[in-house]
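The residues making up each chain are set out below.
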Amino acid sequence: DGGITQSPKYLFRKEGQNVTLSCEQNLNHDAMYWYRQDPGQGLRLIYYSQIVNDFQKGDIAEGYSVSREKKESFPLTVTSAQKNPTAFYLCASTSIAGDNEQFFGPGTRLTVL
Amino acid sequence: RKEVEQDPGPFNVPEGATVAFNCTYSNSASQSFFWYRQDCRKEPKLLMSVYSSGNEDGRFTAQLNRASQYISLLIRDSKLSDSATYLCVVNGRGGNKLTFGTGTQLKVEL
């Protein structure tokens, strides 16, 4: 079955540590996105990529980094520079040729202790 | 003004009721509009796209008013399983970037 996978589902880290969240899709989608969701708030765009080896900052990129070495994969690193990293992180993808509908992975809930 | 605004609710309705949600958006150049559903602690899932002519999918009807820049979602004959947060989503920033509203929480009760 085609879809988006994110791992792990839950992640606990100590303050000051970098952590990388995985996102893989087998939908053959060109564009991939990372969002952050905090309680009672909407999704906020961190980074996005429309093509391999290229990505752009979203609205809240500070303290995060990404790579897009393969079409299927778009990992997100939460660095120690991110001041409030505890959140629900969602990865999404879309086909550029489509009507912009985005498909989401199940999310990773990151807690920094 | 926020790019996409929604009443956060919660809307508490009895089973079988009809409930309507509205959403306003600020960018008149927006081209794509969606309603997503998000269950507690889960990822958002597409409920339906919203077209200029309005569209219906079973108990759900979505409408778009470009002149007033608002989108609506009507749910008829509410079920307990409809309890969720409904996100209004707009493509208002070019490319494939979507802007999400903060969501409207619906609770359907016996």
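Residues numbered from 1 in each chain as written. Chains lettered and ligands numbered in written order. Predicted model: local features only at pLDDT ≥ 70, side-chain atom pairs only at ≥ 80, totals over all residues. Heavy atoms only, no water.

A.B. asks: Lay out the sheet that holds strand 7 (residues 60-65) of chain B in plain terms, naming residues and giving numbers.
C.D. replies: Residue and element names in this part refer to chain B. Pairing is antiparallel across the open sheet formed by 5 strands, whose spatial order is 1-3-8-7-6. Both edges of this open sheet fall to strand 1 (4-6) and strand 6 (55-57), since each of them pairs with a single strand only. Strand-to-strand, the axes of this sheet are offset by a mean angle of 20 degrees, without reference to chain direction. Pairing analysis gives 6 bridges linking strand 3 (residues 19-25) to strand 8 (residues 70-75), with the strands arranged antiparallel. Residue Thr24 lies in a different strand from strand 8, and its bridge partner there is Tyr70. (Pairing = 2+ DSSP bridges. Helix = DSSP H or I, 4+ residues; strand = E, 2+ residues; numbered from the N terminus. Axes fitted to C-alpha atoms, helices over the stretch in contact; angles between N-to-C directions.)

A.B. asks: Please set out the environment of Asn22(B) residue by residue, giving values where relevant.
C.D. replies: All names here are of chain B. Position of Asn22 relative to the elements: it lies in strand 3. Relative accessible area serves as the criterion here: at 49%, Asn22 is assigned to the partly exposed category. In the structure, Asn22 is positioned 22 residues away from Pro44 in sequence and 18 Å away in space, judged by C-alpha atoms. Those residues in contact with Asn22, other than ones at most four positions away along the chain, are Glu5, Gln6, Asp7, Tyr70, Ile71 and Ser72. (Buried < 20%, exposed > 50% of the residue type's maximum accessible area, 1.4 Å probe, protein only. Contact = heavy atoms within 4.5 Å.)

A.B. asks: Residue-level account of empty space enclosed by the protein, with values.
C.D. replies: Counted according to the given criterion, the structure contains 1 cavity of 30 Å³ or more. Computed from the structure, the largest cavity encloses a volume of approximately 40 Å³. Class assignment for the residues of the lining of the largest cavity results in 2 nonpolar, 5 polar and 1 charged. (1 Å grid on protein atoms, 1.4 Å probe; cavity = no way out; pocket = protein on both sides within 12 Å on 5 of 7 lines; lining within 4 Å. Points joined across faces, edges and corners; volume = space filled by probe spheres on them. Nonpolar A, V, L, I, M, F, W, Y, C, P; charged D, E, K, R; others polar.)

Interpretation in functional terms is not warranted from these geometric data alone.
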